[in-house]
Amino acid sequence: MSDILHPHITLPEGSIEKQTSTLNLGPTHPATHGVFQNILELDGERIVSAEQTVGYIHRAFEKLAERRPLYQITTLTDRLNYCSSPINNMGWHMTCEKLLKVQTPKRVDYLRVIIMELARISDHLICNSIVGVDTGALSVFLYVMQYRELIYEIYEEICGSRLTTNIGRIGGFERNFNNTAFTKLEKFMAEYPKVLKEFETLLTRNRIFMERTIGAGPIAAERALNYGFTGPNLRAAGVDYDVRVHSPYSSYEDFNFEIPVGKTGDCYDRFLVRNLEMWESLKIIDQAYKKVQEFKGAEAEVYHADIPEYYLPKKEDVYTKMEALIYHFKIVMGETEIPAGEVYHSVEGGNGELGFYLISDGGRTPYRLHFRRPCFIYYQAYSEISQGAMLSDAIITLSSLNVIAGEMDA
Amino acid sequence: MILLTLDWAFIIEKLILIAIVVSASLVIAMYATYAERKVAAVMQDRRGPNRAGPFGLLQPLADGMKLFFKEEIIPNSSNKFLFIMGPALAMLTAMMTSAVVPWGNKLEIFGTTVSLQIADINIGILYVFGVVSLGVYGIMIGGWASNNKFSLLAALRGASQVISYELAMGLSLIALLMMTGSLSLKTIVEEQMKGGWGGILGWNIWYQPLGFLIFFVCAMAECNRAPFDLPEAESELNMGYHQEYSSMKLGFYLFSEYINMFISCAIITTLFFGGYDMPFIDESSMSVNMAALIGIVAFMAKIFFFIFVFMWIRWTLPRFRYDQLMNLGWKGLIPLALANMLITGAVILARQGF
């Protein structure tokens, strides 16, 4: 094994230089953000081979989904990539809408875009600051955490929860955004660019950080495509694939933004791509907010599509109108039949293309649901990427690939 | 009969001084942990410890109490003797260095003159280096005896790091020693007090800026502080060499780190910043005791400033990778230190007129 490392020296059999040691990185190691295992074969500090193990927090979401009516599956998607759960929620709602052939109003689309881009910012912010933590710069992480808090406060205003949001419903949102939500959004938009700039000042041109990340854990565009990489990790390798542009959903075609692309696909490029994407997200949110403000009068009150079979009626109507009561009962008890069909819908998640493959045979629950989870795919490449790297490189590679255990195991 | 011939007054005086210095450095190390948490909190927009006592001032005591009452765990597969040796050595070497630091000039108590230095030995700096290089045994023995792969990796990192940075550290000081011509720390301080502009211009930092930079970086590496905290890189090796330790044995390791930091700052101050020299004050015009007190205050102020700089750096910079650390040490600092030595030598020769 160690002839990768000592190509010109031939060592006798059984000499101590040829011996390698095995190190279990995980399942409970601070660098595995979540629970998964790497069995590393080390020659000193260099990694000869790495073997990844998955399944430590496998919760059988796909199987659970087969027993649940559509609206109850949203809570499962929360727990995939919990750093950007609103994107997962929205992706799932849009998949259902695709199956049910529902057209959502423009205002709903724009509100969704705001929420999804906020989620993307919080996801990238965590990922990038965690790269900082794993290189040893803890302060950056703790400093930016309070600005993720601003995003969480906006979620809170809209849906009442923070981490596993369960935000939105099939067809729209559970209620209209209130004024406080918009005020908080404005506050965030005003404060965040300054913080992001500061964050970049702390790390982007930091000599030690650059030395640590440039050339660490690189992957070529071709290999990345072969593995099925998507999202920031693929874009860092130089492929400008973005679901938001290539198959727009939720009216993304109405927005003007750029796709940042890297070159080498190493940790530094991934870091830069994520940072630039945060700036682009800010641009999108700004545009979306302007578009939302343009709706006036009755249009400004629209926050869901008109699909009484799937969208819970207002509580007052449930008490006063018979149809509303019936729909309420049917939806809550999960007794709405869904049309038979097969759909695939994907959204640009925080980590990459998050796909939902839904087959329905016409019953009340999906016949089969599959999540295309980008983290699972990234982790497959981990062994190849980390081979021959130093132990410290392997650790920042793991955090900059943004492998999140919840999404990986599903 | 030999006991009677000993100078008992001298021994008692030194014992009292030792007790004072040791307890003072313990207390300062204790409050360095508090300061570290407060500094970190300020830098991260947090509040830091503020529950135990006013402004959280009793927090170090609470931490110490907690460590004492924790269960003592010695892993079954460890080498028990060495496992206990590790933290003991780390603590011992950390405390020993303070013996040669001149904490102030001298006091006059009941008509006797008391020097504020435990031992003014003529090889002061050599002694410091000797003791500091022993310090790595604490890390190595502790890390190896734990029988844990993370600890072992950390021990190896620590050993190679400390050894390679000691070289550059020593070399950076040679230039200084060529200037002062003495290894005694007391002499070095007294040399520096003679400069102009209130004494400030006499400080070695003006003559040896490069030497100071190299020494400062190496001191940080010797203390295993970020960005050189590879032996305990918490995101890579969990806790590094003290991963398997619990209770006060862990406390000893953590404590020795802070004592080391305190002593390093004291040495930096002594060598480059005039030690107990208070600038713009003429000590000769006041009473000896007053002058000594002012000296101690000045010395402590300088030390605390450097401790703050250490913390500031720790909470700002990311950590090096192992090979980059070695590159910096062997390919960066050692050649620089050698160049510094050559330049200093040339200048000294030129001034003497070859």
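As the structure is a prediction and not an experimental result, all values here were calculated from the model.

**As for the overall build of chain B**
Part 1 of the reasoning: Along chain B, the regular secondary structure elements total 12 helices and 2 strands.
Part 2 of the reasoning: Taking 2.2 N^0.38 as the reference for a compact globule, 354 residues should give roughly 20 Å; the C-alpha atoms of chain B span a radius of gyration of 21 Å, in line with that estimate.
Part 3 of the reasoning: In terms of overall dimensions, chain B has a C-alpha envelope of 60 × 55 × 50 Å along the principal axes.
Part 4 of the reasoning: Within the span of chain B, comprising 354 residues, buried residues form 44% of the whole.
Part 5 of the reasoning: In chain B, the proportion of contacts linking residues at least 24 apart, taken out of those at least 6 apart, comes to 78%.

**Section: the overall build of chain A**
Part 1 of the reasoning: Across its full length, chain A holds 16 helices and 6 strands.
Part 2 of the reasoning: At 23 Å, chain A has a C-alpha radius of gyration in line with the 22 Å of a compact globule built from 410 residues.
Part 3 of the reasoning: With the principal axes as the frame, chain A shows a C-alpha extent of 85 × 45 × 35 Å.
Part 4 of the reasoning: Out of the 410 residues in chain A, the part that is buried amounts to 49%.
Part 5 of the reasoning: Taking all contacts inside chain A whose residues are at least 6 apart in sequence as the whole, residues at least 24 apart take part in 71%.

**Comments concerning the UniProt feature "transmembrane region" (unreviewed entry) in chain B**
All names here are of chain B.
Part 1 of the reasoning: As recorded in UniProt, the feature "transmembrane region" (unreviewed entry) lies at residues 15–34, 81–104, 124–146, 167–185, 205–223, 258–276, 288–313 and 333–350.
Part 2 of the reasoning: From the first C-alpha to the last, residues 124–146 spans 34 Å; its make-up is 96% helix and 0% strand.
Part 3 of the reasoning: Note that residues 333–350 is 100% helix and 0% strand, and that its end C-alpha atoms are spaced 25 Å apart.

**Let's talk about helix H5 (residues 124–145) of chain B**
Part 1 of the reasoning: With 22 residues, H5 of chain B extends 32 Å from end C-alpha to end C-alpha; this agrees with the ideal 32 Å at 1.5 Å per step.
Part 2 of the reasoning: Of the residues one or two after H5 of chain B, Asn147 of chain B is the one with positive phi, at around 55°.

**Observations concerning the nonpolar core**
Part 1 of the reasoning: Ranked by size, the top nonpolar core spans 184 residues in total, and within it Cys218, Phe262 and Ile268 of chain B carry the most contacts.
Part 2 of the reasoning: Element by element, the count of residues in this core is highest for helix H4 (residues 106–135) of chain A, at 16 residues.
Part 3 of the reasoning: Two domains each donate at least three residues to this core, and these are domain 1 (2–53) and domain 2 (61–409) of chain A.
Part 4 of the reasoning: Here Ile268 of chain B is in contact with Phe215, Phe216, Ala219, Phe273 and Phe306 of chain B, once residues within four sequence places are set aside.
Part 5 of the reasoning: In this structure, Ala65, Tyr71, Leu100 and Phe371 of chain A belong to the second largest nonpolar core, which totals 20 residues.

**Structural notes on the domain arrangement of chain A**
Residue and element names in this part refer to chain A.
Part 1 of the reasoning: As assigned here, chain A comprises domain 1 (2–53) and domain 2 (61–409).
Part 2 of the reasoning: Domain 1 and domain 2 are separated by 35 Å when their C-alpha centres are compared.
Part 3 of the reasoning: Of the residues lining the interface, 15 residues belong to domain 1; the matching set on domain 2 comes to 19 residues.
Part 4 of the reasoning: When residues in the side of domain 1 that touches domain 2 are grouped by element, the largest group, 6 residues, is from strand S3 (residues 46–53).
Part 5 of the reasoning: Tallied by class, residues from the side of domain 1 that touches domain 2 come to 7 nonpolar, 5 polar and 3 charged.

**Describing the interface of chain B and chain A**
Note on interface size: it is often stated as the accessible area lost on association of the parts.
Part 1 of the reasoning: Contacts between the two partners involve 24 residues from chain B, matched on the other side by 26 residues from chain A.
Part 2 of the reasoning: Those elements that place two or more of their residues in the side of chain B that touches chain A are helix H6 (149–180) and helix H12 (322–352) of chain B.
Part 3 of the reasoning: Among the elements that take part in the side of chain B that touches chain A, H12 of chain B stands out by supplying 3 residues, more than any other.
Part 4 of the reasoning: Here the residues of the side of chain B that touches chain A are counted per class, giving 10 nonpolar, 5 polar and 9 charged.

**Points about unusual backbone geometry**
Part 1 of the reasoning: One non-glycine residue with positive phi stands out, namely Ala60 of chain A, at about 55°.
Part 2 of the reasoning: A positive phi angle, close to 55°, is found at Ser247 of chain B, a residue other than glycine.
Part 3 of the reasoning: For Ser247 of chain B, a count of 17 C-beta atoms within 10 Å puts it in the partly exposed group.

**Re the pairing of strand S5 (residues 353–360) of chain A**
All names here are of chain A.
Part 1 of the reasoning: With respect to burial, S5 is a largely interior element, 6 of its 8 residues being buried.
Part 2 of the reasoning: With 8 bridges connecting them, strand S4 (residues 341–348) and S5 associate as antiparallel partners. Bridge pairing in S5 links Glu342 to Ile359.
Part 3 of the reasoning: Sheet topology places S5 next to strand S6 (residues 368–372); 5 bridges connect them, and they run antiparallel.

**A word on the UniProt feature "domain: NADH-quinone oxidoreductase subunit D" (unreviewed entry) in chain A**
Part 1 of the reasoning: Under the present numbering, the feature "domain: NADH-quinone oxidoreductase subunit D" (unreviewed entry) in UniProt falls on residues 134–409 of chain A.
Part 2 of the reasoning: When the span residues 134–409 of chain A is considered, its composition is 53% helix and 8% strand, and the gap between its end C-alpha atoms is 22 Å.

**Quick look at the sheet that holds S4 of chain A**
Residue and element names in this part refer to chain A.
Part 1 of the reasoning: Pairing in this open sheet of 3 strands is antiparallel, and the strands run S4-S5-S6 from one edge to the other. Each edge of the open sheet is held by one strand with a lone partner, namely S4 and S6. Averaged over all neighbouring strand pairs, the angle between strand axes comes to 10°, with direction disregarded.

What counts and what doesn't
- Residues numbered from 1 in each chain as written.
- Chains lettered and ligands numbered in written order.
- Predicted model: local features only at pLDDT ≥ 70, side-chain atom pairs only at ≥ 80, totals over all residues.
- Helix = DSSP H or I, 4+ residues; strand = E, 2+ residues; numbered from the N terminus.
- Rg over C-alpha atoms; globule rule 2.2 N^0.38 Å.
- Buried ≥ 20, exposed ≤ 12 C-beta atoms within 10 Å, placed from the backbone.
- Contact = placed C-beta atoms within 7 Å.
- UniProt positions renumbered as here; feature names shortened; annotations may be inferred.
- Expected span 1.5 Å × (residues − 1).
- Core = buried A, V, L, I, M, F, W, Y, C linked by C-beta atoms within 7 Å.
- Domains from an automatic or database assignment.
- Nonpolar A, V, L, I, M, F, W, Y, C, P; charged D, E, K, R; others polar.
- Pairing = 2+ DSSP bridges.
- Axes fitted to C-alpha atoms, helices over the stretch in contact; angles between N-to-C directions.

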